[in-house]
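Secondary and tertiary structure notes
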Amino acid sequence: MKHPKEKKKVGLVSLGCPKNQVDSEVMLGSLLQAGYELTVEESEADIVIVNTCGFIDQAKEESIETLLEMGELKKSGRCRALIATGCLTQRYSGDLLDEIPEIDAVVGTGDFPKIASLCEALLNPKRTDERPRLTDTPTYLYQPETPRLRLGPRHWAYVKVSEGCNYRCSFCSIPSFRGDLQSRTVDSVVREAQALAEEGVVEINLIAQSLTSFGWDRRKKGELVALLKELTRIDGIHWIRLFYTYPTDFTDALIDLMAEEEKICRYIDLPLQHIDDRILRKMNRKGKRKEIEQLIRKLRDRIPGVTLRSTFIVGFPGETEKEFRALSDFIRETEFDRLGIFTYSHEEGTSAYPLGDPTSEKVKLKRQGTLLEMQRKISRRKQRKLIGTTQTLLVDGLSKESDLLLEGRLEGQAPDVDGVVLINDTAGKAVNAGEFVSVRMTAAHDYDLVGEVVEREAGPGETQKEKALLPMISSLPHG
Ligand code: SF4
């Protein structure tokens, strides 16, 4: 047992999507501010926090497995308290407390800023056996002043602009536990982005449940455009990327701005879920096949070279072989640049739940496999076309594959979800994380590329003066 005056150590396991990662970062920020020491070794921690995901089956299973694993740590006396936070907790707090007795407290998706005072209460030797349950408020909007310890690399950041969602896709449980749409203000997001730029962030990844609905809860339909205009004026920010857009939310004003503004990445994450009109109706998705196809044509016409990422669900209740083939043909013809395929997850609390789950796991996995294999070939073909071209790349640092390689990303490669460019030759130049360089592509794999540095490049919107400056900066010791 630790000596009382020693700083208490907290370990946090962050599961799920980037939105959950931001919540984890806010918890870590408030714990640090409250004087806790943070450790990546849960076995060394006095308190372990598991920030869970509760979206679909696979994610729920992973969260429960992690809680059970950390429960073992507690049973063996290596940690004194276990806290479950996040989406699974907001959805099933009672069940979790019943099923996993090692859990000492549950914190939902709106109360996690209270994590430090909860830890204090749990470490208090006079504490009662009561197991606190903080799940009353599903939504919390952090602000620029909110303490946040960012987990990712220094030079890019996720910025969550809103929480909750007003759409009611019939397969989706998120509104049932994250609540209705609540947007931060433009001023709040801009001040955060300015602070991030001062910290050396050059790429901002805007996230939300439905990004293009930003401001709608304040009856301000065009607020995303206003926000983007402000963000493009921030010195030091060179890439602004949009995640989780909704097809029928795209306005001409938004498309025009993306086409005009060099700092806004020609990259669109556009989850479509399906393309067959009957299935889209059953999914309670807005927009029909015709509108979606028109939108994609418009995006590709108005934003040349735009990278389109999408996600689809296979095996939705009642999806016929014919409707699956329609989806498969659509994906073959559209040739998305990036693609995710999920198998339908039968989620209680969703309006599709009463439809049952008639499509067997075998058929779902077969359909998922067919589309992923098709996409692998499409991606490989597109990647090969880049060989011999010279592209602007943001260096992320040493490659996860080998210390002999650096890796970075093109404007069309988002962090964490897309492929990377492996740099195997820097032409003797000092190249550091957070820098923009010019890279000639020399080889292509299904999702990754290989390239060599040809020139250190001025980032989009960066002055030649700044370009001249950076070699000096790059020789400074790493931040
Ligand atoms: S847009 Fe649909 S899928 Fe996305 S969070 Fe909202 S309800 Fe869920």
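Residues numbered from 1 in each chain as written. Predicted model: local features only at pLDDT ≥ 70, side-chain atom pairs only at ≥ 80, totals over all residues. Heavy atoms only, no water.

Some details on the domain arrangement of the protein
- In terms of domains, the protein is made up of domain 1 (9-123), domain 2 (156-384) and domain 3 (390-469).
- Taking only C-alpha atoms, the centre of domain 1 and the centre of domain 2 are 28 Å apart.
- Domain 1 puts 18 residues into the contact, and the matching count from domain 2 is 16 residues.
- Interface area lost by domain 1 to domain 2 is led by K19, F55 and R91, which between them contribute 41%.
- Here domain 1 is connected to domain 2 by 4 salt bridges.
- Close ionic contact of E347 with R91 constitutes a salt bridge, the shortest N to O distance being 2.8 Å.
- At the surface where domain 1 touches domain 2, the tally comes to 15 residue pairs in polar contact (both at pLDDT 80 or more). (Domains from an automatic or database assignment. Contact = heavy atoms within 4.5 Å. Buried area = accessible area lost by both parts, 1.4 Å probe. Salt bridge = Lys/Arg side-chain N within 4 Å of Asp/Glu carboxyl O. Polar contact = N/O pair within 3.5 Å; in protein donor to acceptor, adjacent residues only side chain to side chain.)

Regarding the site of the ligand
- Neighbouring the ligand are C165, Y167, C169, F171, C172, I174, P175, Q209 and Y246.
- In a pocket analysis with a 2 Å cut-off to the grid points, the ligand is assigned to the largest pocket.
- Taken together, the residues of the shell around the ligand break down into 8 nonpolar, 1 polar and no charged. (Near = heavy atom within 4 Å. 1 Å grid on protein atoms, 1.4 Å probe; cavity = no way out; pocket = protein on both sides within 12 Å on 5 of 7 lines; lining within 4 Å. Sits in = over half its atoms within 2 Å of the grid points. Nonpolar A, V, L, I, M, F, W, Y, C, P; charged D, E, K, R; others polar.)

Regarding the packing of helix α1 (residues 18-33) against helix α4 (residues 115-123)
- Viewed as axis vectors pointing N to C, α1 and α4 meet at an angle of 60°, and their least axial separation amounts to 8 Å. When the interaxial angle is binned, α1 and α4 end up oblique. For the pair α1 and α4, contact is made by M27, S30 and L31 and by I115, A116 and C119, respectively.
- Residues that form the contact of α1 with α4 fall into these classes: 5 nonpolar, 1 polar and no charged. (Axes fitted to C-alpha atoms, helices over the stretch in contact; angles between N-to-C directions. Helix = DSSP H or I, 4+ residues; strand = E, 2+ residues; numbered from the N terminus. Parallel < 35°, antiparallel > 145°, perpendicular 65-115°, else oblique.)

Concerning helix α2 (residues 57-75)
- Between the first and last C-alpha of α2 there are 27 Å, a value that for 19 residues agrees with the 27 Å anticipated at 1.5 Å per step.
- Among all positions of α2, only A59, K60, S63, T66, L67, M70, G71 and L73 are buried. Relative to the axis of α2, the buried residues are bounded by an arc of 150° and lie together on one face. Projecting away from the buried face of α2 at angles above 90 degrees are the exposed residues E65, E69 and K75.
- In the core, the buried residues of α2 are packed alongside β1 (9-14), β3 (47-52), β4 (81-86) and α3 (87-99). (Expected span 1.5 Å × (residues − 1). Buried < 20%, exposed > 50% of the residue type's maximum accessible area, 1.4 Å probe, protein only. Arc of directions from axis to C-beta.)

Here's the deal with α4
- Every buried residue belonging to α4 is among I115, A116, L118, C119, L122 and L123, and all of these are buried. The arc that holds every buried residue of α4, seen down its axis, measures 160°, which confines them to one face.
- Turning to α4, the residues buried within the fold contact α1, β3, β4, β5 (105-107) and β6 (133-134).

Observations concerning the pattern of salt bridges
- A complete count under the given rule lists 47 salt bridges for this structure.
- E192 is the partner of R184 in a salt bridge, and the nearest nitrogen-oxygen pair spans 2.8 Å. The same class applies to R184 as to E192, namely buried.
- Via salt bridges that share partners, E373, R376, K377, R380 and D446 belong to a single interconnected network.

A short note on the sheet that holds β5
- Strand order in the open sheet formed by 6 strands is β2-β1-β3-β4-β5-β6, and the pairing between neighbours is parallel. Of all strands in the sheet, those with a lone pairing partner are β2 (37-39) and β6, marking the two edges.
- Of the strand pairs in this sheet, β5 and β6 are connected by 2 bridges, and their pairing is parallel. Note on β6: the bridge partner recorded for V106 is R133.
- Strands β1, β3 and β4 of the sheet are contacted by α2, whose axis makes an angle of about 175° with β3.
- Across the sheet, α4 is in contact with β3, β4, β5 and β6; its angle to β4 comes to roughly 155°. (Pairing = 2+ DSSP bridges.)

Observations regarding empty space enclosed by the protein
- Under the defined criterion, the tally for this structure stands at 2 cavities of 30 Å³ or more.
- By volume, the largest cavity amounts to about 40 Å³.
- Surrounding the largest cavity, Q21, E25, R148, R150, G152, W156, A157 and Y158 form its lining.
- Broken down by secondary-structure element, the contributors of at least two residues to the lining of the largest cavity are α1 and β7 (156-160).
- The element contributing the most residues to the lining of the largest cavity is β7, with 3 residues.
- Tallied by class, residues from the lining of the largest cavity come to 3 nonpolar, 2 polar and 3 charged.
- By volume, the second largest cavity is sized at about 30 Å³. (Points joined across faces, edges and corners; volume = space filled by probe spheres on them.)

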